[in-house]
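Commentary on secondary and tertiary structure
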Amino acid sequence: MVVDLNDPEARLLAQALNSIHGYDDLSNKGEVFRTILSTIPADKVTSLLPESMKSLQALSSLGQEDLAQHLQVWQKAQEVKLKHMILQFTGQQLATVEEAVSQILSQVRYQTVITPNTRSNAIYLLCKVYLDRRHQQ
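Each value, and the rule that gives it
- Residues numbered from 1 in each chain as written.
- Predicted model: local features only at pLDDT ≥ 70, side-chain atom pairs only at ≥ 80, totals over all residues.
- Heavy atoms only, no water.
- Helix = DSSP H or I, 4+ residues; strand = E, 2+ residues; numbered from the N terminus.
- Buried < 20%, exposed > 50% of the residue type's maximum accessible area, 1.4 Å probe, protein only.
- Contact = heavy atoms within 4.5 Å.
- Areas by Shrake-Rupley, 256 points an atom, 1.4 Å probe, with all protein chains shown as cover.
- Core = buried A, V, L, I, M, F, W, Y, C linked by side-chain atoms within 4.5 Å.
- Salt bridge = Lys/Arg side-chain N within 4 Å of Asp/Glu carboxyl O.

Examining the overall build of the chain
When its secondary structure is counted, the chain shows seven helices and zero strands. What you see in the chain, going N to C, is helices and strands ordered as α-α-α-α-α-α-α. In the chain, which comprises 137 residues, the proportion classed as buried is 27%. Of the contacts formed within the chain by residues at least 6 apart in sequence, a portion of 47% connects residues at least 24 apart. As displayed, the chain has an accessible area near 10200 Å², and 55% of this comes from carbon and sulfur atoms.

Now the structure itself:
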């Protein structure tokens, strides 16, 4: 497959592929994100990568401070980095999950954005409601 991309777009694609399967080289990651964010809007980047806005800000500042600050920024980036969760359902289970997610999506749109993925936010809110109810009992 051949794609025609400028440098920031190619770097963004590399980061997207790396987030699927690969490892980050933190010595280069700060510079990569500074380059990407200099030409591509942050909301577009968060829609393509498993990163939150806070994570992008922390990552783009890597390499612009001394080592102690670098480690603090890296730790903060790890705290807010989005994690993947792969689930498998039977057809009936999936239908139930999809129905619950679709019903709560309208509420998610009016809440503060937790992650750029609204379906993840919906599942999170469903779990939170369940746990809050359990704790009240």
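A closer look at the nonpolar core
Within the largest apolar cluster, 13 residues are counted, with the highest numbers of intra-cluster contacts made by Leu12, Phe33, Ile36, Ile40, Val45 and Leu49. Among the elements of the structure, helix 1 (7–20), helix 2 (26–39), helix 4 (53–60) and helix 5 (67–80) are those that each provide at least two residues to this core. Setting aside residues up to four positions removed in sequence, Leu12 forms contacts with Ile36, Ile40, Val45, Leu48 and Leu49. Counting residues in hydrophobic clusters, the runner-up holds five residues, among them Val101, Ile104, Leu105 and Leu125.

Observations regarding the pattern of salt bridges
Counting across every chain of the model gives two salt bridges. Put simply, Lys128 and Asp132 hold a salt bridge, and the shortest N to O gap is 3.4 Å. Placement of both Lys128 and Asp132 in helix 7 (residues 118–136) is noted, with a separation of four residues, approximately one turn of the helix. Residue Asp132 is classed as partly exposed on the basis of its relative accessible area, which comes to 35%.

This is a description of form; function is not addressed.
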